[in-house]
Amino acid sequence: QDFLGQAFCTLGEVIGSPRSRLEKPLTGIPGKKCGTIILSAEELSNCRDIVTMQLCANKLDKKDFFGKSDPFLVFYRSNEDGTFTICHKTEVVKNTLNPVWQPFTIPVRALCNGDYDRTVKVDVYDWDRGGSHDFIGEFTTSYRELSRGQSQFSVYEVLNPKKKCKKKKYINSGTVTLLSFKAESEYTFVDYIKGGTQLNFTVAIDFTASNGNPSQPTSLHYMNPYQLNAYGMALKAVGEIIQDYDSDKLFPAYGFGAKIPPDGKISHEFPLNGDMENPNCVGIQGVLEAYFKSLRTVQLYGPTNFASVINQVASNAGSVTDGSQYYVLLIITDGVISDMAQTKEAIVNASSLPLSIIIVGVGPAEFDAMEELDGDEVRVSSRGKFAERDIVQFVPFP
């Protein structure tokens, strides 16, 4: 992109300007006037509602010479000073005058800032590869008017002002129909905590041999008598934040990828405190003590499997259906995952449960697989089924 200029200001400057509208010159290119930028501010309402709607159109004007139109919609919120701000664009539906757009969700604050009678303008465009999209027409509505779509179809005439002035017999440039409209409240983390929801925090630590010998300073599990190793620091950093929301401060803590006594069998879900019946540790300090004790008794081995511990926590989360409990699983690992297919399946199956998974990556390894599990770009899927929601957050540490 070509640099056009820059401006610096504080939020206070914008708010304190007449009508909360600040105009500043753009600078940054020596000897050239770069123009000006205008910043307008409006305080957001406390409205937490979100709406999901779907629209279609009928008999839109044909704009393409060799085909039909490639229509898309642009929604604008009206501002207090009478200007309009884009708040949503639909996808383009190619080569049709009767498009049906996918349902989309938008916060009511973005659509009308909680003012149900504020004008919402919608422009209809024909998409052009070069970016000079052709204007088909427009219509106006409001949140209150759109909300009637919960019980009936709403049909809007798409009007092109230039055509209306030029052609006496002009009726419209097509119609847009609101097919569905659903409003619901969006609750915050604080709302759930205030409502009595308890967090249940579980820890899973990677004991595979790729971490290195715990007695060697190069190991990620090195038991330094003077400071915490990478695993200890990651556990403390995340755990000390979460523990305040867990009333009993009893944290199940597991290890995976090690041979455990007395028979040396490989386990991907062994309790750090050695008690299969009660894997709970008291507080983050209790988890750290159990972790260091395990380092002295187990043999680091492999492979790096996540699925077992995810399924274990998911089974606990699946037993709670009244919203009173939410589970958080912290997995600390040094790298490449061995059971990717099984882990994806476990995540997809758990995505409808009250569960979130935090994966912390320690050490210098490549964490591409963890980024894939994070699901920010592409939702995790298994056997053709996509996760209902993104429940994984990956964080490299430090």
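In what follows, the structure referred to is the one given above.
Attention here is on the structure that accompanies the text. (Residues numbered from 1 in each chain as written. Predicted model: local features only at pLDDT ≥ 70, side-chain atom pairs only at ≥ 80, totals over all residues. Heavy atoms only, no water.)

1. Topic: the overall build of the protein
In step 1: Of regular secondary structure, the protein possesses 10 helices and 22 strands.
In step 2: Relative to the globule expectation of 21 Å for 398 residues, the C-alpha radius of gyration of the protein, 28 Å, shows a markedly less compact shape.
In step 3: Along the first, second and third principal axes, the C-alpha set of the protein runs to 95 × 55 × 45 Å.
In step 4: The buried share among the 398 residues of the protein stands at 43%.
In step 5: For the protein, long-range pairs separated by at least 24 residues make up 68% of all intrachain contacts whose partners lie at least 6 apart in sequence.
In step 6: Accessible surface computed for the protein: about 21900 Å², of which carbon and sulfur atoms make up 52%.
In step 7: Charged side chains in the protein number 39 positive and 47 negative. The centres of these two groups are separated by 11 Å. (Helix = DSSP H or I, 4+ residues; strand = E, 2+ residues; numbered from the N terminus. Rg over C-alpha atoms; globule rule 2.2 N^0.38 Å. Buried < 20%, exposed > 50% of the residue type's maximum accessible area, 1.4 Å probe, protein only. Contact = heavy atoms within 4.5 Å. Areas by Shrake-Rupley, 256 points an atom, 1.4 Å probe, with all protein chains shown as cover. Lys, Arg positive; Asp, Glu negative; His and termini not counted. Charge placed at Lys NZ, Arg CZ, Asp CG, Glu CD.)

2. Details of helix α6 (residues 230-242)
Because an α-helix packs 3.6 residues into every turn, residues spaced three or four apart end up facing the same way.
In step 1: With 13 residues, α6 ought to run about 18 Å at 1.5 Å a step, and its terminal C-alpha atoms sit 19 Å apart, in line with that.
In step 2: Where α6 is buried, its residues contact β11 (198-206), α7 (283-297), β18 (325-333), β19 (355-362) and β22 (392-397).
In step 3: Regarding α6, its N-cap is Asn-229, as a side-chain oxygen of that residue lies 3.1 Å from the backbone nitrogen of Tyr-231 further along. (Expected span 1.5 Å × (residues − 1). Polar contact = N/O pair within 3.5 Å; in protein donor to acceptor, adjacent residues only side chain to side chain.)

3. A look at the pairing of strand β4 (residues 71-78)
In step 1: With eight of its eight residues buried, β4 lies for the most part within the structure.
In step 2: Burial of β4 is two-sided: the residues Pro-71, Leu-73, Phe-75 and Arg-77 facing one way and the residues Phe-72, Val-74, Tyr-76 and Ser-78 facing the other way are all buried.
In step 3: Pairing geometry for β4 and strand β7 (residues 119-126), over seven bridges, is antiparallel. For Pro-71, the partnering residue across the bridge sits in β7 and is Asp-126.
In step 4: Sheet topology note: the β4/strand β5 (residues 84-89) ladder contains five bridges and is antiparallel. From the neighbouring strand, Ser-78 faces β5, where its bridge partner is Phe-84.
In step 5: The hairpin formed by β4 and β5 contains five residues between the paired strands, and Gly-82 there has a positive phi angle of roughly 90 degrees. (Pairing = 2+ DSSP bridges.)

4. A closer look at the pairing of β19
Put simply, side chains in a regular strand alternate between the two faces of the sheet.
In step 1: Within β19, seven of the eight residues are buried, leaving the element largely enclosed by the surrounding structure.
In step 2: Bridge analysis of β18 against β19 gives seven bridges, and the strand direction is parallel. What sits directly across from Thr-333, in β19, is Gly-361.
In step 3: Assessed by its sense of winding, the connection that carries the chain from β18 through helix α9 (residues 340-350) to β19 is right-handed.
In step 4: Alignment of β19 against β22, held across six bridges, turns out to be parallel. (Right-handed = clockwise from strand over helix to strand, strands pointing away.)

5. Quick word on α7
In step 1: For α7, spanning 15 residues, the distance from its first C-alpha to its last is 22 Å, which sits close to the expected 21 Å at 1.5 Å a residue.
In step 2: Residues of α7 that are buried: Gly-283, Ile-284, Gly-286, Val-287, Leu-288, Ala-290, Tyr-291, Ser-294 and Leu-295.
In step 3: Contacts made by the buried residues of α7 are with β11, α6, β12 (250-256), β15 (270-271), β16 (280-282) and β17 (299-300).

6. Comments concerning a negative patch on the surface
In step 1: Taken together, the side chains of Glu-366, Asp-368, Glu-371, Asp-376, Glu-377 and Asp-390 make up a negatively charged region of the molecular surface.
In step 2: With respect to the helices and strands, the residue Glu-366 is situated in the loop between β19 and α10 (368-374). (Patch = residues over 30% accessible without salt bridge, like charges linked within 9 Å, V, L, I, M, F, W, Y side chains within 5 Å. Salt bridge = Lys/Arg side-chain N within 4 Å of Asp/Glu carboxyl O.)

7. A look at the environment of Asn-273
In step 1: Note that Asn-273 resides in the loop between β15 and β16.
In step 2: For Asn-273, the contacting residues outside a window of four places in its chain are Asn-278, Pro-279, Asn-280, Cys-281 and Ala-290.
In step 3: From its side chain, Asn-273 meets the backbone nitrogen of Asp-275 in a polar contact 2.9 Å long.

8. Notes on unusual backbone geometry
For residues that are not glycine, phi is negative in most cases, and the peptide bond is trans in most cases.
In step 1: Following Pro-261, the chain continues to Pro-262 via a peptide bond in cis, the omega torsion being 5 degrees.
In step 2: Put simply, Gly-302 and Pro-303 share a cis peptide bond, and its omega is 0 degrees.
In step 3: Relative to the helices and strands, Pro-303 is located in the loop between β17 and α8 (307-317).
In step 4: Phi is positive for Arg-19, which is not a glycine, with a value near 55 degrees.
In step 5: If you trace the backbone, Arg-19 turns up in the loop between α1 (11-16) and β1 (21-25).
In step 6: The exposed category is assigned to Arg-19, whose relative accessible area is 68%.
In step 7: Residues other than glycine seldom take positive phi values, yet Ser-20 does so here, at roughly 50 degrees.
In step 8: Topologically, Ser-20 is positioned in the loop between α1 and β1.

9. Focus: the sheet that holds strand β13 (residues 258-260)
As a general point, the strands of a sheet are linked pairwise by backbone hydrogen bonds and lie either parallel or antiparallel.
In step 1: With antiparallel pairing, three strands are arranged side by side in an open sheet as β14-β13-β17. Only two strands of the sheet have a single partner each, and these edge strands are β14 (265-267) and β17.

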